[in-house]
Amino acid sequence: MNYELIILMIEALAVYLLVLGTHSLRHRFGLAHYYALIGGVTAVTSWVTDAGITAQVGGVSFVVGSTVFYTSLLLGVFVVYVFDGLRATRIIISTVIGVSIMVPLIAVTLNFQMNLSGVSSLAYVPTPSLRLNAASVFATFMDLVFLAVAWEFMNNRFQWIPMGIRAFFALLGVMWLDVLLFATAAFAGSGEWLAIVKGTAISRFIVSCFAAPLLWAYLSWQNRRWGTQITRRPVLAILKQFAQIKEELTQAQQEIERRKQAERALRESEERLRALASTDALTGVANRRFFWEAAQKEIHRSRRHLSPLSMIMIDLDNFKTVNDTYGHGVGDQALCEVAHIAQANIRPYDLLARMGGDEFAVLLPQSGTEDALLAAERLRNKVKAEPLKAGGCQVAITISLGVATLDTSMANVDGLYQVADRALYQAKRDGCDKVRAYQGNDKRECNTPLANATNPQLVGG
């Protein structure tokens, strides 16, 4: 007898028994160690196949990778499907496919790294072929799925045939399917395709004749030992399970997306509520409460960094007359117009708020009295220059402004507000359409901003 045949038979028998024997321990140790073994066998299968190790027996070429190791993978998946159900089958198929993808990538990486180091490629780490490995992964996945389908078909339609014969034809069917798929994907278009298909089909038939009795013996032994009846599942059950997994993943993704949308809607709702709580409904600027809180924070920051902070109080002149003459609708338009003009003529980090009625306030960080006076005068001129159009006529709107700058006598925002309010009151007493600033008992008029900026001692009457 040919020594190569003897060695090949011993190798195949040893690996087949290792796989089946490890599976028989599942009741004691579970399937985790079995998955690890199948992953290792998959890696060896890929490596040996890439190395191209073959054995010639009687004119038939046996590829060691498929004859010994790949056949053992088929046996391993077969018994898991028969005895352990669809979930375990999905896990073991995922393990085989995952390792089949990773091993060639590792081999490519190792050889690439050796080439970068100036060392010749590792002889014992064969460089994989992208086409061959892609064909192998595709054929492996289809084989493992077809194995389950073929067994269910044989088990359901031909129950009267002895189990050993059914196991043989299911195994042979998947062997020949693998030949067709792998050879077509790997060698289609070459002149060797037909010869490869014929030669490999013969070797797979011989391997099936050798492996099927072991599979039948193991199935019978497990049934007798554990009293386990071989489950009859619907044909294509494994495919239905994969479809269910896809559907479950899709549903999970949709649920995650729904939750994200709900969270976004909740955040947007909270932001809207915060905006409503901090915004004046009529004019759209900040309201009194928000202004008060922001001003207190700015006071703390101003004192910590020793930077100036000023406030401008704004009041519409003769606002009651506007309401009485033109109606409250026009009065509301006037308030909105003043708010719009003021917002457009302050800095981005200044804060405008409606304090109530026809009264507004502007908080000016990093601004001393002179800067605040210039800003107030600019606002006064802008409002005066843009009369309100209402009811087919123009309504002249003017404002009075009071300016205050934070100093050590002011304990909090209330103190700064009161000083600015007194300055505003003084502007009203002086005839309206004026800007007044208070520092202690000193009052200053700023009808001509440049004059005031250069002559801080100018006193208004």
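In the annotation of an unreviewed UniProt entry, the chain is listed under the name diguanylate cyclase and assigned to Desulfoferula mesophila. In the Catalytic activity (unreviewed entry) part of its UniProt record, the chain is described as follows: "2 GTP = 3',3'-c-di-GMP + 2 diphosphate".

A. Seen up close, the pairing of strand 4 (residues 351-356). Within strand 4, five of the six residues are buried, which leaves it mostly tucked inside the rest of the structure. As judged from the five bridges shared by strand 4 and strand 5 (residues 359-365), these two strands associate in the antiparallel manner. When the sheet's bridge partners are listed, L352 is paired in strand 5 with V362. Connecting strand 4 to the next strand, strand 5, in antiparallel fashion are two residues, including G357 with a positive phi near 60°.

B. Examining the packing of aromatic side chains more closely. By the definition in use, this model includes three aromatic pairs. Between Y218 and W221, the ring centres sit 5.8 Å apart and the planes meet at 65°, which makes this aromatic pair edge-to-face. Linking Y218 with W221, this pair stays in helix 7 (residues 193-226), spanning three residues, or about one helical turn. Y218 gets classed as buried once you look at its relative accessible area, which sits at 5%. With 5.2 Å between their ring centres and 65° between their planes, W292 and Y417 make a pair best called edge-to-face. Of the two residues, W292 sits in helix 9 (residues 288-305) while Y417 sits in helix 13 (residues 413-429), which places them 125 residues apart along the sequence. If you follow R288 out to its NZ or CZ, it ends over the ring of Y417, 5.4 Å from the centre.

C. View of helix 9. The terminal C-alpha atoms of helix 9 lie 25 Å apart, and with 18 residues this matches the ideal 26 Å at 1.5 Å per residue to within 8%. Of all the residues in helix 9, the buried ones are F291, A294, A295, E298, I299 and S302. One face of helix 9 carries all of its buried residues, which in axial projection span an arc of 150°. The exposed residues of helix 9 that point more than 90 degrees off its buried face are R289, K297 and R304. Lining the buried residues of helix 9 we find strand 3 (309-316), strand 4, strand 5 and helix 13.

D. Spotlight on a nonpolar patch on the surface. Together, I101, M102, L105, I106 and L110 give the surface a local cluster of nonpolar side chains, amounting to about 420 Å² of exposed area. In this structure, L110 sits in helix 4 (residues 64-116). A residue is classified by how much of its surface remains accessible, and L110, at 32% relative accessible area, is partly exposed.

E. Up close: the packing of helix 1 (residues 3-23) against helix 4. One way to put it is that helix 1 packs onto helix 4 with a least axis distance of 9 Å and a crossing angle of 25°. With respect to their mutual orientation, helix 1 and helix 4 come out roughly parallel. The chirality of how helix 1 crosses helix 4 is right-handed. Touching L8, E11, A12, V15, Y16, V19, L20 and H23 of helix 1 are V64, T67, V68, F69, T71, S72, L75, G76, V79, V80, F83 and D84, all from helix 4. Counted by class, the contact of helix 1 with helix 4 contains 13 nonpolar, five polar and two charged residues.

F. Expanded view of the side chain of T71. Its place among the elements puts T71 in helix 4. Classification of T71 as buried rests on a relative accessible area of 0%. Beyond its immediate sequence surroundings of up to four residues, T71 is in contact with Y16, S66, M175, V207 and A211.

G. Broad picture of the nonpolar core. The biggest cluster of nonpolar side chains holds 47 residues, and the ones touching the most others in it are Y34, V79, I92 and L219. The set of elements that each furnish at least two residues to this core consists of helix 1, helix 3 (32-51), helix 4, helix 5 (130-157), helix 6 (163-187) and helix 7. Take this core: its biggest share by element is 18 residues, from helix 4. With residues up to four places along the chain from it excluded, the contact list for V79 reads L20, H23, Y34, D84, L215, Y218 and L219.

About the cut-offs
Residues numbered from 1 in each chain as written. Predicted model: local features only at pLDDT ≥ 70, side-chain atom pairs only at ≥ 80, totals over all residues. Heavy atoms only, no water. UniProt positions renumbered as here; feature names shortened; annotations may be inferred. Buried < 20%, exposed > 50% of the residue type's maximum accessible area, 1.4 Å probe, protein only. Helix = DSSP H or I, 4+ residues; strand = E, 2+ residues; numbered from the N terminus. Pairing = 2+ DSSP bridges. Phe/Tyr/Trp six-rings, centres within 6.5 Å; stacked < 30°, edge-to-face > 60°. Lys NZ or Arg CZ within 6 Å of the ring centre and 35° of its normal. Expected span 1.5 Å × (residues − 1). Arc of directions from axis to C-beta. Contact = heavy atoms within 4.5 Å. Patch = residues over 30% accessible without salt bridge, like charges linked within 9 Å, V, L, I, M, F, W, Y side chains within 5 Å. Areas by Shrake-Rupley, 256 points an atom, 1.4 Å probe, with all protein chains shown as cover. Salt bridge = Lys/Arg side-chain N within 4 Å of Asp/Glu carboxyl O. Axes fitted to C-alpha atoms, helices over the stretch in contact; angles between N-to-C directions. Parallel < 35°, antiparallel > 145°, perpendicular 65-115°, else oblique. Left-handed = near helix turned anticlockwise from the far one by under 90°. Nonpolar A, V, L, I, M, F, W, Y, C, P; charged D, E, K, R; others polar. Core = buried A, V, L, I, M, F, W, Y, C linked by side-chain atoms within 4.5 Å.

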